[in-house]
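Observations on the model geometry
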Amino acid sequence: MSTSATADSSVSAAAAAPRFGREEISALRQLDNTTNIRFIAGTWAVIAVTVTAAVWCYSAFNAGTISFWWTIPVTILAAVIIGAAQHQLGGIIHEGTHFLLFKDRKLNEYISDWTAGFALYTSTHSFRLHHFAHHQFVNDPKRDPNFEQAQESGYWLDFPVEHVDLVKGLIRMMSPVSLIRYMVARAKQSAIGTETNPFSKPDAMGDPWAVRSGILFAVVAPFVAVVLVALGWFMAAFAFLLAAWAAVVIYYYVIPDDHYPQSRINPVISLRTTSICRMSFLAIVYLALTVAEYASGAPVWGYYGLLWILPLFTAFPVYMILREWVQHGNADRGRYTNSRVFLVDPFSRYAVFPLGMDYHLPHHLFVGVPHYKLKRLHALLLTNPEYAEKCRVVEGWVGENGHAGPSIAAVLGPKYAVASDDIHINEETIAAADVNDKEGVAAQVAASKAT
């Protein structure tokens, strides 16, 4: 009997049920322009409330009304909550990457960038190249960027793993050095881009300074501003940030198109416009922090470091690593066996599996279905006997729960290891994209199938 059937849906029942048709899938693909507004607003509301509470605590300490020791658990709790919210923002980018936030393509791109991507120091188009390669060539060690990222950062486990090895991996993952190494590898793969990405054009990667200039402004400009603010030179900090922003914007405006890294997927918004918008977003944030510190006298830049950058390099990568482990670890390249479905507690669903990532196998099968319909998609797919038999539904983190299937810890072990010769290339991944080099993509597909 399959371990993937739900409590109220057995394999035999699924096999007897009628199979779904294109009409049902088409209905699930329909988008609306309101649902995701609620998710975006809710995520930023969580961030705003958490920041407000933490800053109140810091202010109380500065006023001498509470002990310093209260600020430590508050900061840790804030990092846990904001890191989860940052992962939610990653989920928003993910939906934008698949053109699922809003019906209008340009609106989809701008909202994804301005409400999520830029805040995480990336852009929707940059992440799209990384993520589309992951989807089309899932679990291909040579073409799935997650594998190269894992090799660079050293966080991947040698699946299958016993429980004790999983615990050791979790402990190693908590190292600040490991987390920073992971974020650097992640930025290289999904924010900067690499020549090895199947959708990159190795002979048209542009001028390196088109990337370096953005990094310098994103990283060096705030460092200089913080030093000037610490010295009390607020006007100098303000003037420096404006000058640095103007310089990088002018640079991005005047450089030729071929200075930007090219790819086999055309951007929805030009790379020039996206680069200027990205730098402008950061400039607004840096200038706002400087003005707020000058006006309030509070260490606002310090709050930004504690309540945004600290979670970005601690809790946020922990959630991402956990998700990547359990979504594809100990799996193969088969159509129905490259990922799983997860039934978990509400906090895990929010922090580790944001915006439908708990229904990951259905998402990989039909990337055009938005996150808020994936649960219904899973129920529909269970009418397919092959899906009902092969889909692995995982319940909880530890133990044998007996309702839907094994726990997360168990499914990563030898008992549930999956290894078949089936190779599934998800052609639907780029169906909605504007591909400018179909021959190049076809060559990557052929090479992947031959692997």
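Here's a quick rundown of the structure. Nothing here was measured: the structure is a model prediction, and the numbers come from that model.

Turning our eyes to something else, we now look at the environment of G440. Tracing the sequence through the fold places G440 in helix α20 (residues 438-450). Overall, G440 belongs to the buried group, its relative accessible area being 11%. Counting along the chain gives 320 residues from G440 to L120, while the straight-line C-alpha distance between them is 30 Å.

When two helices pack together, their arrangement is given by the angle between the helix axes and the distance between those axes. Running from N to C, helix α4 (residues 71-97) and helix α6 (residues 124-136) cross one another at 75°; their axes reach a closest spacing of 9 Å. What the angle tells us is that α4 and α6 run roughly perpendicular. Listed contacts from α6 to I93, H94, G96 and T97 of α4 are T124, F127, R128, H131, F132 and H135. Residues belonging to the contact of α4 with α6 are distributed by class as follows: three nonpolar, six polar and one charged.

What follows deals with the packing of aromatic side chains. One pass over the full model with this rule turns up 23 aromatic pairs. Ring geometry for F353 and W397: centres 6.5 Å apart, planes at 35°, overall tilted. With F353 in the loop between α15 (346-351) and α16 (360-365) and W397 in the loop between β2 (393-395) and α19 (408-411), this residue pair connects regions lying 44 residues apart in the sequence. Classification of W397 as partly exposed rests on a relative accessible area of 27%. Here the aromatic cluster, defined as three or more aromatic residues joined through ring pairs, consists of F147, Y155, W156, F159 and Y182. We note R38 situated over the ring of F39; from NZ or CZ to the ring centre the distance is 4.8 Å.

Side chains carrying opposite charge are able to pair once their charged atoms draw close together. Taken as a whole and assessed by the stated rule, the structure comprises nine salt bridges. The partner of E428 in a salt bridge is R29, and the shortest N-O contact between them spans 2.6 Å. Taken together, the residues span a long stretch of sequence, with E428 in the loop between α19 and α20 and R29 in helix α2 (residues 22-29) at a distance of 399 residues. Judged by relative accessible area, R29 falls into the partly exposed class, the value being 32%.

Here we take up the packing of helix α5 (residues 105-117) against α6. The interhelical angle for the contact between α5 and α6, taken along N-to-C directions, is 100°, at an axis separation of 9 Å. As judged from the angle between their axes, α5 and α6 are roughly perpendicular. Along the contact surface, α5 presents N108, E109, S112 and D113, while α6 presents T124, H125 and R128. The class makeup of the residues in the contact of α5 with α6 is no nonpolar, four polar and three charged.

Helical geometry note: an α-helix holds 3.6 residues per turn, so side chains three or four residues apart project in the same direction. Relative to the 24 Å expected for 17 residues at 1.5 Å per residue, helix α9 (residues 176-192) spans 22 Å between its end C-alpha atoms, a close match to the ideal helical length. Of the residues making up α9, those classed as buried are S178, L179, Y182, M183, A185, R186, Q189, S190 and A191. Positive phi shows up at G193, right after α9, with a value of about 100°.

Okay, the environment of E162 next. Within the secondary structure, E162 sits in the loop between α7 (145-153) and α8 (163-173). Put simply, E162 and A409 are 247 residues apart on the chain and 8.2 Å apart in space, counted from C-alpha to C-alpha.

Moving on, we come to unusual backbone geometry. The residue after F159, namely P160, is reached through a cis peptide bond having omega 0°. For Y121, which is not glycine, the phi dihedral falls at a positive 65°. Mapped onto the elements of the fold, Y121 is located in the loop between α5 and α6. Relative accessible area serves as the criterion here: at 22%, Y121 is assigned to the partly exposed category.

Grouped burial of nonpolar side chains is what soluble globular proteins tend to show. Ranked by size, the top nonpolar core spans 85 residues in total, and within it F217, Y286, W308, W325, F353, I408 and L412 carry the most contacts. Of all the elements, helix α12 (residues 271-296) adds the most residues to this core, at 10 residues. Excluding residues that lie within four positions of it along the chain, L412 makes contacts with F159, P160, V161, L166, W325, V326, G329, N330 and R340. Grouped together as the second largest cluster of nonpolar side chains are 18 residues, L28, L361, L377 and Y387 included.

Conventions used here
- Residues numbered from 1 in each chain as written.
- Predicted model: local features only at pLDDT ≥ 70, side-chain atom pairs only at ≥ 80, totals over all residues.
- Heavy atoms only, no water.
- Helix = DSSP H or I, 4+ residues; strand = E, 2+ residues; numbered from the N terminus.
- Buried < 20%, exposed > 50% of the residue type's maximum accessible area, 1.4 Å probe, protein only.
- Axes fitted to C-alpha atoms, helices over the stretch in contact; angles between N-to-C directions.
- Parallel < 35°, antiparallel > 145°, perpendicular 65-115°, else oblique.
- Contact = heavy atoms within 4.5 Å.
- Nonpolar A, V, L, I, M, F, W, Y, C, P; charged D, E, K, R; others polar.
- Phe/Tyr/Trp six-rings, centres within 6.5 Å; stacked < 30°, edge-to-face > 60°.
- Lys NZ or Arg CZ within 6 Å of the ring centre and 35° of its normal.
- Salt bridge = Lys/Arg side-chain N within 4 Å of Asp/Glu carboxyl O.
- Expected span 1.5 Å × (residues − 1).
- Core = buried A, V, L, I, M, F, W, Y, C linked by side-chain atoms within 4.5 Å.

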